[in-house]
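# Structural characterization, general
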Amino acid sequence: MNSVNFNINFGYLEGLCRGFKGGILKQTDYINLVQCEILEDLKLHLQSTDYGSFLANEPSPLSVSVIDDKLKEKLVIEFQHMRIHSVEPLSTFLDFITYGYMIDNIILLITGTLHQRDIRELIPKCHPLGSFEQMEAIHIANTPAELYNAVLVDTPLAPYFMDCISEQDLDEMNIEIIRNTLYKAYLEDFYKFCSTIGGSTTEVMCEALAFEADRRAFIITINSFGTELTKDDRAKLYPRCGKLHPDGLAKLAQADEYEQVKVVADYYGEYKPLFDGAGTGPGEKTLEDRFFEKEVKIMMSAFMQQFHFGVFYAYLKLKEQECRNIIWISECVAQKHKAKIDSYIPIF
Amino acid sequence: MSYGSMYGGVLGIFLTIWTITGLYYILSGQGYRYDIGWFLEQTPPYMWANIGIGLAISLSVVGAAWGILTTGASIIGGGVKAPRIKTKNLISIIFCEAVAIYGIILAIVISNLLEKYDETTTNIKIKQYNYYSGYAMFGAGLTVGISNLVCGISVGIVGSGAALADAQNSSLFVKILIVEIFASAIGLFGVIVGILQISKVKMGDKVAD
């Protein structure tokens, strides 16, 4: 699947996706949004962008959660339009992208069930891209084995459960471990699938997924300081499809504090500048923000090549970043606390 | 079982049979039976000429079709969010179409030069001219066909890039069009060489001098 044959099956969708990408908010739009005083101004400014009148039918006192839902709804409609029009192997590729959201939904439902929340309250909170038929049945399970046998064996995530079926009960700690184990298996599977497609797709996607894997390794390490997660368990959660594998991951598994993580990052040219100067002081960006910035840069470079599937993945990630930006600005505007309003991450 | 391995398998079987037959003939002293000269002498020039005409038009059309589909899909996709590109980008389609026109022009020119000659003639010169003409027409058809095939594909891919770039930024279209003009020129080179190849063709009974 190369330049010569790509357009036969995927040319229309690639053109459509690039059209959607052209509608992503630019720096001038963000400057307008930042100057809003109330949420209604925000709605007005968004009407002149690609979003159009998506908030037109909402009742008058707008809240940030309503804006969030509507932004997500637009993204989901666009993504599902592309998914429905696609053929193999693009349809498998787009399905792979949704598995990440499915994992998040499953974990959300399990956690909610543990806290005795009604399943009907939780379903609307799930991400629509990750919905699957058996969602309503998750509350009947008490252990991961039951969960698997009853509900998950029919979903596309079934092969990812190999590593985490154990007889322990579902509890707070284990839920996070399950989430990370599932995500690790999913990332590695996605990476393998992209490698089999070949061509520019492999180049673009493998770089994007390697960054995602490394980012998760760093975040898991940093978040596990001070918890009961043992080093061996932690090492089992690192996805192995990134640049850190195998040496960086081995060192990360041994790390005890933030400084040691920084030392590991110093070995890698791409990650050293992210850790330099990251911190929580005023005027500094947090490490999370820097990871988002780097992700945006990688996704932008995916659009530099033509005839590959990476544009669909990159478009989704950039749109999500845009949603996060708009919600951040909306929160600052709604709470009238504009000190850090400029900490959104500009895309164009 | 992928298509690649199936084609490879068939080719492998074919090559094995061919090698075994060839070795059998050589080793049993019947090597003279594998006679390429006989084949070339016995086939009339009409076959070569007509295959040349067929290749000229068919390969050109394949190239043009491939180019149009590549460009067309991108124009349609890009035109959803940027409808202004629809009309301007039809130029790319026209460039691809031109490739098919080159093919048909040459096919018509070659077929006009086809003439009957008396195969039982003893005049060596007439025979030579007619055989030469057959081969020349085949060569010209092949030249034009293959060069238009790749030219069409190339114009198509560039046209697709032009459509998508135009959808994002309309000042880019004219610049990329220049690249497309260069891509289109290589098809023209094929036509020129094809015309040169058939310029000396003389078929028929009355070969002068």
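Read on for an overview of the structure. Throughout, a residue's number is its position along its own chain's written sequence, starting from 1. A letter from A marks each chain and a number from 1 marks each ligand, given out in the order of writing. Totals for whole chains, interfaces and linings use every residue, but because this is a predicted model, local features are given only for residues with pLDDT of at least 70 and side-chain atom pairs only at 80 or more, for both listing and counting. For side-chain calculations, the full set of non-hydrogen atoms in the structure is used, while hydrogens and water are omitted.

### Let's talk about the overall build of chain B
Across its full length, chain B holds seven helices and zero strands. Counting from the amino terminus, chain B carries its helices and strands in the arrangement α-α-α-α-α-α-α. In terms of overall dimensions, chain B is more spread out than a globule: its C-alpha atoms have a radius of gyration of 23 Å, far above the 17 Å expected for 209 residues. Projected onto its principal axes, the C-alpha coordinates of chain B cover approximately 70 × 55 × 20 Å. Remark: exposure states derive from per-residue accessible area (1.4 Å probe, protein chains only) relative to the maximum for the residue type, with buried under 20%, exposed over 50%, and partly exposed in between. For chain B, the residues scored as buried account for 39% of the 209 residues in total. Expressed as a percentage of contacts within chain B between residues at least 6 apart in sequence, the contacts between residues at least 24 apart total 85%. What sets the accessible areas is the Shrake-Rupley method with a 1.4 Å probe; for residues, cover comes only from the shown protein chains. When the accessible surface of chain B is summed, it comes to about 11,700 Å², and 73% of that surface belongs to carbon and sulfur atoms. Neither His nor the chain termini are counted; the positive set is Lys and Arg, and the negative set is Asp and Glu. The atom standing in for a charge is NZ when the residue is Lys, CZ when it is Arg, CG when it is Asp and CD when it is Glu. Within chain B, the 10 negative side-chain charges are centred at a point lying 12 Å from the centre of the 12 positive side-chain charges. Secondary structure elements are defined from DSSP: runs of H or I of at least 4 residues count as helices, runs of E of at least 2 residues count as strands, and each element is numbered from the N terminus. Our radius of gyration is a C-alpha quantity, and the globule rule it is checked against amounts to 2.2 Å times the number of residues to the power 0.38. Contacts are assigned to residue pairs that have any heavy atoms within 4.5 Å of one another.

### So, the nonpolar core
Soluble globular proteins tend to bury their nonpolar side chains together. Joining through side-chain atoms within 4.5 Å is the link that ties buried Ala, Val, Leu, Ile, Met, Phe, Trp, Tyr and Cys residues into a set, and such a set is a nonpolar core. Judged by nonpolar contacts, the single largest core of 120 residues is most densely connected at F93(A), F190(A), F218(A), F312(A), Y313(A) and I329(A). In this structure, A49(B), A56(B), I110(B) and A140(B) belong to the second largest nonpolar core, which totals 16 residues.

### Overview of the side chain of E180(B)
You can see E180(B) is positioned in helix α7 (residues 172-198). When neighbours within four sequence positions are excluded, E180(B) is seen to be in contact with S92(B), F95(B), V155(B), V158(B), G159(B) and A162(B).

### Let's talk about the interface of chain B and chain A
Each partner contributes to the interface: chain B provides 16 residues, whereas chain A provides 18 residues. Throughout, the accessible surface (probe 1.4 Å) given up by two parts as they are put together, summed over both, is called the buried area. Here chain B meets chain A over a buried area of about 1,300 Å², counting both sides, of which 65% is carbon and sulfur. The largest contributions to the chain B side of the interface with chain A come from K81(B), L164(B) and Q168(B), which together make up 38% of the buried area. Salt-bridge detection follows one rule: a side-chain nitrogen of Lys or Arg within 4 Å of a carboxyl oxygen of Asp or Glu. At the junction of chain B and chain A, the tally comes to one salt bridge. The term polar contact refers here to a pair of N or O atoms within 3.5 Å; inside protein, the definition further demands a hydrogen-donor-capable atom paired with an acceptor-capable atom, and it admits residues adjacent in sequence only when both atoms are side-chain atoms. Linking chain B with chain A are eight residue pairs in polar contact (both at pLDDT 80 or more), by the criterion used here. Listed by contribution, the elements that provide at least two residues to the side of chain B that touches chain A are α3 (45-81) and α6 (124-168) of chain B.

### Observations regarding helix α1 (residues 3-22) of chain A
A rise of 1.5 Å per residue sets the reference length of α1(A), with its 20 residues, at 28 Å; its end C-alpha atoms lie only 22 Å apart and thus fall more than 12% short of the reference. The axis of α1(A) is deflected most strongly, by about 80°, at F10(A). For a helix, the expected span equals 1.5 Å multiplied by the number of residues minus one. The angle separating two fitted axes, one through the seven residues that finish at a residue and one through the seven that start at it, defines the bend at that residue.

### A look at the layout of surface pockets
All names here are of chain A. Put plainly, a pocket is an open set of points on a 1 Å grid over the protein atoms alone with protein on both sides within 12 Å along at least five of seven lines, a cavity is a set where a 1.4 Å probe fits but cannot get out, and a lining residue has an atom within 4 Å of a point. Grid points are joined across faces, edges and corners, and a volume is the space filled by probe spheres set on the points. In this structure, the largest pocket occupies an estimated 1,200 Å³ of space. Residue lining of the largest pocket: 37 residues in total, with D104, R179, E212, R215 and R216 positioned closest to the centre. Three categories are distinguished: nonpolar for Ala, Val, Leu, Ile, Met, Phe, Trp, Tyr, Cys and Pro, charged for Asp, Glu, Lys and Arg, and polar for the others, with Gly belonging to the last. Residue composition of the lining of the largest pocket, by class: 18 nonpolar, six polar and 13 charged.

### A few points about the pattern of salt bridges
Residue and element names in this part refer to chain A. Tallying each qualifying case throughout the model produces 20 salt bridges over all chains. One salt bridge in this structure joins R18 and E14, with 3.1 Å as the shortest N-O distance. A residue pair is termed a helical-turn pair when its members lie 3 or 4 positions apart in one helix, as R18 and E14 do in helix α1 at four residues. Its salt-bridge partner being D233, residue K236 comes within 3.8 Å of it at the nearest N-O pair. Linking K236 with D233, this pair stays in helix α10 (residues 231-237), spanning three residues, or about one helical turn. A single network of salt bridges, built from pairs that share partners, joins E58, K70 and E73.

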